[in-house]
Amino acid sequence: MKKTIFVQTYGCQMNVRDSEEVIGLLLEKGYVLTEAEETADVILYNTCSVREHAEHRVWSNVGALKELKGSRPELIIGIMGCMAKSQRGEILRRMPHVDFISGPAQLYEVPELIESIWEERKPMMAIQEKRRQEFQTISYHSGKISALVTIMEGCDKVCTYCIVPYTRGPEVSRPAEQILSEVRQLASQGYKEVMLLGQNVNSYGRRLPSDATGVRRGVTFPDLLKEVNGIEGVERIRFITSHPWDAVQDLFRAMGDLEHVCEHLHLPVQSGSDKVLERMRRGYTAEEYLGKLKLLREKVPGVAVTTDIIVGFPGETEEDFEATVRLMEEARFDSAFIFTYSPRPFAAAARWEDDVPKEVKDRRLQRVLALQERMSREESERYIGRTVEVMLEEPGMGRTRTNRKAYFESNGASAGTLVQVKVEGIRGHSLLGKVNGDHA
Ligand code: SAH
Ligand code: SF4
Ligand code: F3S
């Protein structure tokens, strides 16, 4: 009988893509993917360290596997991803039923690791520090019409709250030729949309593998968008994430000019207070950020801007917080991920006192959540009566170029079909409508 694997993924799109890589390698070796964790031969958790809460869930879920391992000692449990890097000592100490841990830079070794555990029946607690230099084209994608494509790994920024540069290492860009050949392959397999992934896609090309100088040369991110835009069969191009410091006019112009690049930019602002932004080492002021939005909206009419916000950063006063509220009111984000600050090991701010009391953080969180909800609703209402292009993802549901979900009667049209939908109502962040014309 074929061995089964169960994979649980936490965290960002990078992790989703990394899980796809591991699943692809294991499927090639003859494993079968299962959703039944209790009966799986191999259980893999691909973990996230970005906030303490993300880690809590893993501690409790992996902790709960102890019993299963007790009743089925042949079961293999692996912890992969960012926690494998940042919490390896704790995992070894607290989770003796875990068979191996593998950091984000060593995931390609997971199939071999599993094979050797089967053979030798001994735990492989070692994690290698070696980092893979080459990027891989992956053989498994969880999406049917949209595929995730890595364009770079790691992060060279120094945001003082963030653990990612530690867990993912320094920034390295993937050679453009490789990216383009992966996208061509995806298009020939019928994928209609690609999501280009990097922690900071706008610094693409600054540091290529084995490029010790760190000098930007060759292809920039807007150049790359242009190349991908020319690939036959790719209807939509999305990308995340953009750091405001590196997102400049060239990007906005490319977004406006290139037919297949969607009108959506995720541009995390984090705070509206210059003092806080400086202590976060983000490299821009609130005014500079708003200036960029203005330019973006001129170059890309109808663009939807989404963001990330942290409340309760060390030293954040009521006045600082009010500056964030004002920035949100002015920026009018389509949606926002809003977090309370969580001190992270290996991040510079972890040395500073986490001095905003929990109740204050929670109150600030609730206030900006409510504000964003109101503004998201108002932005949604502006769609009513308009006709928008929707790519069908599953029967009755698709997505606009601005990344909104839309529900409508799709009458048997297949996934990946582009339809024009007239919006008649809204439900939360989603649009409700009817198909125009005879596409469907
Ligand atoms: N590279 C991306 C994403 C990084 S993590 C970027 O720069 O946008 C995603 C989001 O998590 C960040 O934008 C930030 O808002 C949030 N985040 C990161 N570290 C955090 C921390 N210590 N506490 C709370 N939120 C955090
Ligand atoms: Fe973290 Fe900043 Fe890098 Fe994003 S850009 S991953 S927030 S250090
Ligand atoms: Fe989390 Fe690692 Fe992504 S910490 S957000 S999974 S890069």
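Remember, predicted model here, so these are calculated numbers, not experimental data. (Residues numbered from 1 in each chain as written. Chains lettered and ligands numbered in written order. Predicted model: local features only at pLDDT ≥ 70, side-chain atom pairs only at ≥ 80, totals over all residues. Heavy atoms only, no water.)

Quick look at the domain arrangement of the protein chain
Buried accessible area, meaning the area lost when the parts come together, often serves as the stated size of an interface. To be explicit about the condition: Domain start and stop positions are those given by an automatic or database domain assignment. In this analysis, two residues are considered to be in contact whenever any of their non-hydrogen atoms come within 4.5 Å of each other. Put simply, a salt bridge is a Lys or Arg side-chain nitrogen that is within 4 Å of an Asp or Glu carboxyl oxygen. N or O atoms closer than or at 3.5 Å make up a polar contact, with two conditions inside protein: a donor-capable atom paired with an acceptor-capable one, and, for residues adjacent in sequence, both atoms drawn from side chains. Under the scheme used here, helices are H or I runs from DSSP no shorter than 4 residues and strands are E runs no shorter than 2 residues, and both carry numbers assigned from the N terminus. Each residue receives one of three labels: charged for Asp, Glu, Lys and Arg, nonpolar for Ala, Val, Leu, Ile, Met, Phe, Trp, Tyr, Cys and Pro, and polar for the others, Gly being one of them.
Taken as a whole, the protein chain is organised into domain 1 (4-126), domain 2 (143-240 + 247-254), domain 3 (263-382) and domain 4 (387-436). Its C-alpha centre places domain 3 at a distance of 29 Å from the equivalent point of domain 4. Domain 3 puts 11 residues into the contact, and the matching count from domain 4 is eight residues. Across the contact surface, domain 3 and domain 4 share two salt bridges. Close ionic contact of arginine 404 with aspartate 334 constitutes a salt bridge, the shortest N to O distance being 2.9 Å. The interface formed by domain 3 and domain 4 includes four residue pairs in polar contact (both at pLDDT 80 or more). Top element by residues in the side of domain 3 that touches domain 4 is helix 14 (residues 358-381). It accounts for five residues. Class assignment for the residues of the side of domain 3 that touches domain 4 results in one nonpolar, five polar and five charged.

Observations regarding the sheet that holds strand 11 (residues 264-266)
Convention followed: We call two strands paired when DSSP finds no fewer than two bridges between them. Helix axes are fitted only over the stretch in contact, all axes being lines through C-alpha atoms; the angle between N-to-C directions runs from 0 to 180 degrees.
A sheet is described by the order of its strands in space; here three strands give the open sequence 11-12-13, paired in parallel fashion. If you trace the sheet from one side to the other, it starts and ends with strand 11 and strand 13 (335-340), each paired once. Strand-to-strand, the axes of this sheet are offset by a mean angle of 10°, without reference to chain direction. In this structure, strand 12 (residues 304-311) lies alongside strand 13, joined through six bridges in parallel fashion. In the strand pairing of strand 13, threonine 306 is matched with serine 335. This element, helix 12 (residues 286-299), spans strand 11 and strand 12 of the sheet and lies at about 165° to strand 12. Contacting strand 12 and strand 13, helix 14 runs over the sheet at an angle of about 175° to strand 13.

Structural notes on helix 10 (residues 249-257)
Stated precisely, the cut-off is as follows: Only protein chains enter the area calculation, which uses a 1.4 Å probe; residues under 20% of their type maximum are buried, those over 50% are exposed, and those in between are partly exposed. The directions from the helix axis to the C-beta atoms form the arc being described.
Taken as a whole, helix 10 has its buried residues at Leu251, Phe252, Ala254 and Met255. Around the axis of helix 10, the buried residues are gathered within 160° of arc, so they sit on the same side. Structurally, helix 10 contributes buried residues whose contacts are with helix 9 (221-229), strand 10 (236-240), strand 11 and helix 12.

Overview of the sheet that holds strand 10
As summarised here, the arrangement of the three strands in space is 6-9-10, forming an open sheet in which the pairing is parallel. With one partner strand each, in any of the chains shown, strand 6 (146-150) and strand 10 form the two edges of the open sheet. Neighbour-to-neighbour, the strand axes of this sheet turn through a mean angle of 25°, independent of strand direction. Where strand 9 (residues 193-197) and strand 10 come together, five bridges link them in parallel fashion. Pairing of methionine 195 across the sheet is with arginine 238, part of strand 10. Docked against the sheet, helix 1 (residues 13-28) engages strand 6, strand 9 and strand 10, running at close to 95° with respect to strand 6.

What to know about the site of ligand 3
The following threshold applies: Nearness is judged by heavy atoms alone; a residue qualifies as near a molecule or strand once a single heavy atom is within 4 Å of it.
Within the structure, ligand 3 sits among Cys12, Asn15, Cys48, Ser49, Val50, Cys82, Val164, Arg168 and Gln199. Looking at the shell around ligand 3 residue by residue, the class counts come to five nonpolar, three polar and one charged. Each of domain 1 (4-126) and domain 2 (143-240 + 247-254) contributes no fewer than three residues to the shell around ligand 3.

Concerning the packing of helix 8 (residues 176-188) against helix 9
To keep it simple, the criterion reads: Should an angle fall under 35 degrees it is taken as roughly parallel, and over 145 as roughly antiparallel, whereas 65 to 115 is taken as roughly perpendicular and any remaining angle as oblique. A crossing counts as left-handed when the near helix is turned anticlockwise from the far one by less than a right angle, and as right-handed when that turn is clockwise.
With their axes 10 Å apart at the nearest point, helix 8 and helix 9 run at an angle of 30° to one another. Judged by the angle between their axes, helix 8 and helix 9 are roughly parallel. For the crossing formed where helix 8 meets helix 9, the hand is right-handed. Mapping the contact onto sequence places Ala176, Ile179, Leu180 and Val183 in helix 8 and Leu224, Glu227 and Val228 in helix 9.

Details of the layout of surface pockets
Condition: Here a cavity denotes grid points, spaced 1 Å and computed from the protein atoms alone, that fit a 1.4 Å probe unable to get out, and a pocket denotes an open set having protein on both sides within 12 Å along at least 5 of 7 lines; residues with an atom within 4 Å of a point are the lining. Grid points are joined across faces, edges and corners, and a volume is the space filled by probe spheres set on the points.
The space that makes up the second largest pocket amounts to roughly 430 Å³. Along its surface, the second largest pocket is lined by 21 residues, and Gly302, Val303, Ala304, Tyr383 and Thr402 are the ones closest to its centre. For the lining of the second largest pocket, the secondary-structure elements that each account for two or more residues are strand 12 and strand 14 (387-394). Along the lines of polarity and charge, the residues of the lining of the second largest pocket split into nine nonpolar, three polar and nine charged. Domain assignment of the residues forming the lining of the second largest pocket places at least three in each of domain 3 (263-382) and domain 4 (387-436).

Remarks on the pattern of salt bridges
Opposite charge on two side chains lets them pair, provided their charged atoms get close. Under the defined criterion, the tally for this structure stands at 33 salt bridges. Notably, a salt bridge pairs glutamate 90 with arginine 93, separated by 3.0 Å at the nearest N-O pair. Of this pair, glutamate 90 and arginine 93 are both found in helix 5 (residues 88-94), three residues apart, which corresponds to roughly one turn of the helix. Classification of glutamate 90 by relative accessible area gives partly exposed; the value is 25%. Taking relative accessible area as the criterion, arginine 93 reaches 59% and is therefore assigned exposed. Note that lysine 358 is salt-bridged to aspartate 362, the shortest N-O span being 2.7 Å. With lysine 358 and aspartate 362 both in helix 14, this residue pair falls four residues apart, about one helical turn. Each of Arg17, Asp18, Glu21, Glu153 and Arg168 takes part in one network of salt bridges that share partners.

Thoughts on the nonpolar core
Proteins that are soluble and globular tend to have nonpolar side chains buried together. Note the cut-off: Buried Ala, Val, Leu, Ile, Met, Phe, Trp, Tyr and Cys residues that are joined via side-chain atoms within 4.5 Å together make up what is termed a nonpolar core.
Formed by 57 residues in total, the largest nonpolar core has its most connected members in Phe221, Leu225 and Phe239. Ranked by the residues each element gives to this core, the list is headed by helix 8, at six residues. Taken domain by domain, the makeup of this core includes at least three residues from each of domain 2 (143-240 + 247-254) and domain 3 (263-382). Excluding residues within four positions of it along the chain, phenylalanine 239 makes contact with Met195, Leu196, Val201, Phe221, Leu225, Leu251, Met255, Val261 and Leu265. Ranked by size, the runner-up nonpolar core spans 21 residues in total, among them Ile43, Tyr45, Ile77 and Ile91.

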